Amino acid sequence: MSDIEKLENDLVVRIDAASTEAALEEVRVAALGKKGVVSERMKTLGKMSPEERKEMGPALNGLKTRIAEAIDAKKAMLEEAALDARLALERVDVTLPATALPKGKIHPVSQAFEEIAAIFSAMGFDIAEGPDIEDDFHNFTALNFPPDHPAREMHDTFFFEPKEDGSRQVLRTHTSPVQIRTMMSQKPPIRIIIPGRTFRCDSDQTHTPMFHQVEGLVIDRETHMGHLKGTLEAFAKAFFEVDNVGTRFRPHFFPFTEPSAEMDIQYERVGEEVRFGQGSDWMEILGCGMVHPNVLKNCGLDPDEYQGFAFGMGVDRLAMLKYGIPDLRDFFAADARWLEHYGFDPLDQPNLATGLSR
Ligand code: DAH
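Residues numbered from 1 in each chain as written. Predicted model: local features only at pLDDT ≥ 70, side-chain atom pairs only at ≥ 80, totals over all residues. Heavy atoms only, no water.

Draft legend 1. How the structure looks around the environment of Gly 62. The topology assignment puts Gly 62 in helix H4 (residues 50–89). Owing to a relative accessible area of 16%, Gly 62 belongs among the buried residues under this scheme. Here the alpha-carbon distance between Gly 62 and Trp 338, two residues 276 residues apart in the chain, equals 78 Å. (Helix = DSSP H or I, 4+ residues; strand = E, 2+ residues; numbered from the N terminus. Buried < 20%, exposed > 50% of the residue type's maximum accessible area, 1.4 Å probe, protein only.)

Right, dumping it as structure tokens:
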């Protein structure tokens, strides 16, 4: 056996024996790497006489090609085996019944957010969000709360420790600061709703220090009170899932709107149940108004050119009313039995076509 044949046999045995890709790579480097045995042999060709080279050239080149092919073939085999092993490991048993897994429930507040978003998306509103920690400018000043105005105190604000310059950050007391952030960063027409967490230092049966709001803002050139009324009436009908609901707009005061109003909707109490869209009682569900010219100016918009309306509603209260939940504090008690009872199916996405809540 020539020593080339012997070398080849040797290498083939080692290739066969390599049981992992790493081991095979070691063999490849030992044979075909810069300092590999085959490569070293190839280097000797340069020093040979022409006759010798004529014989050894094809022999060594043949060796090199066959070894490279053997390594490639083995590599493909190892890769395939690795893939088979992985597929076997990651096999999914599609015969497992879907009910085998316990299903969670969607919290009524999340459900209400989703329903409100579905209603306003269908009307062409986008969703905007802002930070929970605000500065005085966005939470109050730009919204036309004068300095030292009692309205700032009315909000029972959580203040942070003053900074070196004396300014104090706050936990936002309402979602209205996102109106400012949007108007300062976006050109009209603007049509957004702003869902989010809000904070006030207040706690009893109907108040929790953290609660949820959805704000609305529409800014365009010819927006008027009629648009506000039509939008909010359409919302009330859709949210309470009734064909008609009487509404009443009572004059009110908010620093950031002029005129301002609170919207009441018609309802009737039958035993424990509250029915919307019938009866002769009124329940307040949100605040609203035409955006104050000062607020527009504070955001760099010309009130002679642009106008719009805004509204803000408490989502926790809306959820309590709609789903008949008696105590607000249960929302935050993290009681699995309560959630099992009042929660919603995570696979039922609220939408206007199939109904919002089931
Ligand atoms: N920010 C008000 C609050 O938390 C709610 C509100 C009232 C928002 C009227 C508005 C509005 O955008 O127009 O009490």
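Draft legend 2. Structural detail: the packing of aromatic side chains. Inspection of the entire model under this criterion finds 15 aromatic pairs. Ring geometry for Phe 120 and Phe 235: centres 5.2 Å apart, planes at 20°, overall stacked. Taken together, the residues span a long stretch of sequence, with Phe 120 in helix H5 (residues 108–122) and Phe 235 in helix H9 (residues 225–240) at a distance of 115 residues. We classify Phe 120 as buried; its relative accessible area is 0%. On the accessibility criterion, Phe 235 (0% relative accessible area) is buried. Taken together, a centroid distance of 5.3 Å and an interplanar angle of 25° make the contact between Phe 120 and Phe 311 stacked. Residue Phe 120 is located in helix H5, and its partner Phe 311 is located in strand E10 (residues 307–314); the two are separated by 191 residues in the primary sequence. Residues Phe 120 and Phe 311 agree in their burial class; the two are buried. Positioned above the aromatic ring of Phe 159 is the side chain of Arg 168, whose terminal nitrogen or guanidinium carbon lies 3.9 Å from the ring centre. The ring of Phe 239 has Lys 322 sitting right over it, with the charged end atom 4.7 Å from the ring centre. (Phe/Tyr/Trp six-rings, centres within 6.5 Å; stacked < 30°, edge-to-face > 60°. Lys NZ or Arg CZ within 6 Å of the ring centre and 35° of its normal.)

Draft legend 3. Quick look at the packing of helix H2 (residues 21–32) against H4. The geometry of H2 relative to H4 is characterised by a closest axis approach of 10 Å and an angle of 170° between their N-to-C directions. With respect to H4, the axis of H2 lies roughly antiparallel. Where H2 abuts H4, its residues Glu 21, Leu 24, Arg 28, Ala 31 and Leu 32 lie against Lys 64, Ile 67, Ala 68, Ile 71, Lys 74, Lys 75, Leu 78 and Glu 79. Split by residue class, the contact of H2 with H4 holds seven nonpolar, no polar and six charged. (Axes fitted to C-alpha atoms, helices over the stretch in contact; angles between N-to-C directions. Parallel < 35°, antiparallel > 145°, perpendicular 65-115°, else oblique. Contact = heavy atoms within 4.5 Å. Nonpolar A, V, L, I, M, F, W, Y, C, P; charged D, E, K, R; others polar.)

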